[in-house]
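# Tertiary structure, described
Listed below, chain by chain, are the residues.
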Amino acid sequence: MSYVTERYDIVCSQNHGINVVQCGWQKCDPGHHLGPMFYQHYSITFVLAGCGYYTAAGSTYKVQAGEGFVIVPGVSTYYIADTKEPWEYRYAIFQGSDALLLLNAAGLGPNKLHFSYQNDEDMGTWLRLMCQASASGAARGYDVQGYFFLCMSRLVQQHRRVQTAFATCEQFVSQALAYMKMNYAYNISIQDVAAYVGIERSYLYRVWMQPTSLADSVPTQAGGTYACADRSFCCRNCLLDRLF
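Residues numbered from 1 in each chain as written. Predicted model: local features only at pLDDT ≥ 70, side-chain atom pairs only at ≥ 80, totals over all residues. Heavy atoms only, no water.

Here the focus is the packing of aromatic side chains. A complete count under the given rule lists 14 aromatic pairs for this structure. Aromatic side chains Phe46 and Tyr117 sit 5.2 Å apart centroid to centroid with 90 degrees between the ring planes, which places their arrangement in the edge-to-face category. Taken together, the positions of Phe46 in strand 4 (residues 42–49) and Tyr117 in the loop between strand 10 (114–116) and helix 2 (121–136) put the pair 71 residues apart, joining distant regions of the chain. You can call Tyr117 buried: its relative accessible area is 6%. Summarising the aromatic geometry, the rings of Tyr54 and Tyr79 are spaced 6.5 Å apart at their centres and angled 65 degrees between planes, so their arrangement reads as edge-to-face. Highlighted residues: Tyr54 in strand 5 (residues 51–56) and Tyr79 in strand 8 (residues 77–81), separated in sequence by 25 residues. (Phe/Tyr/Trp six-rings, centres within 6.5 Å; stacked < 30°, edge-to-face > 60°. Helix = DSSP H or I, 4+ residues; strand = E, 2+ residues; numbered from the N terminus. Buried < 20%, exposed > 50% of the residue type's maximum accessible area, 1.4 Å probe, protein only.)

The full count for this structure, using the stated rule, is two salt bridges. A salt bridge links Asp120 to Arg154, with the shortest nitrogen-to-oxygen separation between them at 3.0 Å. Here Asp120 is found in the loop between strand 10 and helix 2, whereas its partner Arg154 is found in helix 3 (residues 142–183), with 34 residues between them in sequence. Accessibility expressed as a relative area gives 23% for Asp120, which makes it partly exposed. Since its relative accessible area comes to 10%, Arg154 is described here as buried. Between Arg154 and Asp122 there is a salt bridge, and its shortest N-O distance comes to 4.0 Å. Of this pair, Arg154 sits in helix 3 while Asp122 sits in helix 2; the two residues are 32 residues apart in sequence, bridging distant segments of the chain. The network of salt bridges with shared partners includes Asp120, Asp122 and Arg154. (Salt bridge = Lys/Arg side-chain N within 4 Å of Asp/Glu carboxyl O.)

In structure tokens form, the structure reads like this:
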């Protein structure tokens, strides 16, 4: 036998934007694989231990404990357990008019198939109870739906925290750019910029080097400008040497 598995089909009233139609657990032998194949529904897999490789839409991802992957309908999918540390995972297959909206809320979808998650006690419990509830067949699957939504809620919250942090970085960079534009003709230092923004010099450097969507420009010594779409180019060529 190439793996140990538990798999349960779920009978649930079809009146929801999202329905979990199957969930399960697998502990694979080395090299055990599925596919290439096409799925009719969405699927999300949470790796509990070990690792493996997931291939979809021309890209291959190494997926290990604390990470997972999404399968979307109509995309050729192949995944295989590592030959030395084969993975153990739980998964849910779901469908419905709001299925893609839920994935998008978690920052996932056809263009983002691989993710990390907080593999803590709560998450492990919800995933285990989701599978146990599906085995019992009680409450026509509503308990399964509940545990599934708890797991997805964790991913949505995680994505929102990342978005908030990104927005904060954009704000810091915008303030730094404004100060540099106003004072570039003067002998300003990075400490001056950091003090204006209100953060430490080392943190300003890290924020500055992160990619953002700002489309501002930075003045050069000669009075011209560089587009800030590639701010790493700007700071290396006209500001990094001077300030950092």
